[in-house]
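# Structure at a glance
Each chain is listed here by its residues.
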Amino acid sequence: SHRTKPLLLSWCCYRHASTFDRASCAVCTSAKFSSPGLPTSQVWSILLHSRELSSKAHKTAERDESLLIDRQDLIWLGPQLESLLRHRPLDALLWPVTQDEHTRLIAQAASTLNLPDLVPYSFCHAGASDDLLSRRPSYEEVKARGRWKTDASLRRHGKPAKAL
């Protein structure tokens, strides 16, 4: 459903779901790449805090941040993003779900699953923790995707033992 897609992106990109609240379709792009002898791959990018589209920077003063969805294990996100963009104008919101709706959706899931500690921010920590546990991306790739400048920041946010 369109209501869960921000949560999936939050998990995969280590971002709070509200990061995508005001994202328009214009910030989501894709490109296909092919090399001789290799299958064609598709890379998606979501541009956050664009200078052209918003006057608001991230809390760390970052602008024009790219969230690349380029890993083989995230290839399933491509069709999800395509379905969001199909037949929608560039100035439309990527999904019409507010931060309050995200919070309610997560509270419902937490109640159903009996996970009282599940909060919106859990998804960004859980995504990094899951990746550290599975060792799919390298430690440095997890650190870069999470925008953590120091190993201490990654240790604070990524808790692989909690993902078990």
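Everything numeric in this text was worked out from a predicted model, so none of it was measured. Here the residue numbering is sequential within each chain, running from 1 through the sequence in written order. Only residues with pLDDT of at least 70 get local features here, since the model is predicted, and only at 80 or more are side-chain atom pairs given and counted; chain-wide, interface and lining totals rely on the full set of residues. Only heavy atoms go into the side-chain values, all of them from the structure, while hydrogens and water stay out.

### A short note on the overall build of the protein chain
The helix and strand labels rest on DSSP assignments: H or I over at least four residues marks a helix, E over at least two residues marks a strand, and numbering proceeds from the N terminus. Of regular secondary structure, the protein chain possesses six helices and three strands. Put simply, the protein chain runs from its N terminus to its C terminus through helices and strands in the order α-β-β-β-α-α-α-α-α. Looking at the protein chain as a whole, 38% of its 164 residues are labelled buried. Only heavy atoms matter for contacts: two residues are in contact if any of them lie within 4.5 Å across the pair. Considering only intrachain contacts with a sequence separation of at least 6, the fraction spanning at least 24 residues in the protein chain is 57%. All accessibility values rest on the Shrake-Rupley procedure with a 1.4 Å probe; residue burial counts only the protein chains present in the view. Looking at the protein chain as shown, the accessible area adds up to about 9900 Å², and 55% of this sits on carbon and sulfur atoms. Summary of the burial criterion: residues with accessible area below 20% of their type's maximum are buried, those above 50% are exposed, and those between are partly exposed, where the area comes from a 1.4 Å probe applied to protein chains only.

### So, the nonpolar core
Nonpolar core, defined: a set of buried Ala, Val, Leu, Ile, Met, Phe, Trp, Tyr and Cys residues in which side-chain atoms within 4.5 Å join the residues together. Leu9, Ile46, Ile69 and Leu94 are the most contacted members of the largest nonpolar core, which has 22 residues in total. Sorting the residues of this core by element identifies helix 1 (5–13), strand 2 (41–48), strand 3 (65–69) and helix 2 (77–85) as the ones contributing at least two each. Tallying contributions element by element places helix 2 first for this core, with four residues. For isoleucine 46, the residues in contact, after removing those within four places along its chain, are Leu9, Phe20, Val27, Cys28, Glu65, Ser66, Leu67 and Ile69. Ranked by size, the runner-up nonpolar core spans seven residues in total, among them Cys124, Ala128, Val142 and Leu154.

### A word on the pattern of salt bridges
Should the charged atoms of two oppositely charged side chains come close, the side chains can pair. The salt bridge criterion pairs a side-chain nitrogen of Lys or Arg with a carboxyl oxygen of Asp or Glu, the two atoms within 4 Å. Per the stated rule, a full pass over the model turns up three salt bridges. For the salt bridge of aspartate 130 with arginine 136, the shortest nitrogen-to-oxygen distance reads 3.2 Å. Across the pair arginine 136 and aspartate 131 runs a salt bridge whose closest N-O atoms are separated by 2.9 Å. Its relative accessible area of 44% is what places arginine 136 among the partly exposed residues. Residue aspartate 131 is classed as buried on the basis of its relative accessible area of 3%. A cluster of three or more residues bridged by salt bridges with shared partners is formed by Asp130, Asp131 and Arg136.

### Some points on the environment of proline 160
For proline 160, the position within the fold is in the segment after helix 6 (151–157). Proline 160 sits 34 residues away from alanine 126 along the chain, and the two C-alpha atoms are 8.2 Å apart. In this structure, proline 160 is in contact with Ser129, Leu132 and Leu133, ignoring residues within four places of it in sequence.

### A word on the confidence of the model for the protein chain
The predicted model of the protein chain averages 79 in pLDDT, with 87% of residues at 70 or higher. Scored from 0 to 100, pLDDT records how confident the predictor is in each individual residue. The least confident element of the protein chain is helix 1, whose mean pLDDT is 78; the most confident is helix 5 (residues 139–145), at 88.

### Quick look at the packing of aromatic side chains
Working definition: rings of Phe, Tyr and Trp (its six-membered ring) pair if their centres are within 6.5 Å, and the pair is stacked with planes under 30 degrees apart, edge-to-face with planes over 60 apart, and tilted otherwise. Enumeration according to the criterion identifies one aromatic pair in this entry. Here the aromatic rings of tyrosine 14 and tryptophan 148 are separated by 5.9 Å at their centres, their planes lie at 15°, and the arrangement is stacked. Taken together, the residues tyrosine 14 in the loop between helix 1 and strand 1 (28–33) and tryptophan 148 in the loop between helix 5 and helix 6 connect sequence positions 134 residues apart. Taken as a pair, tyrosine 14 and tryptophan 148 share a single burial class, namely buried.

### Regarding the side chain of arginine 15
The residue arginine 15 is located in the loop between helix 1 and strand 1 in this model. Residue classification places arginine 15 among the buried residues on the basis of a relative accessible area of 3%. The term polar contact refers here to a pair of N or O atoms within 3.5 Å; inside protein, the definition further demands a hydrogen-donor-capable atom paired with an acceptor-capable atom, and it admits residues adjacent in sequence only when both atoms are side-chain atoms. One polar contact links the side chain of arginine 15 to the main-chain carbonyl oxygen of cysteine 13, over a distance of 2.6 Å. Every residue in contact with arginine 15, bar those within four places of it in the chain, is listed here: Ser10, Phe20, Leu48, Glu65, Leu67, Cys124, Arg145, Gly146 and Arg147.

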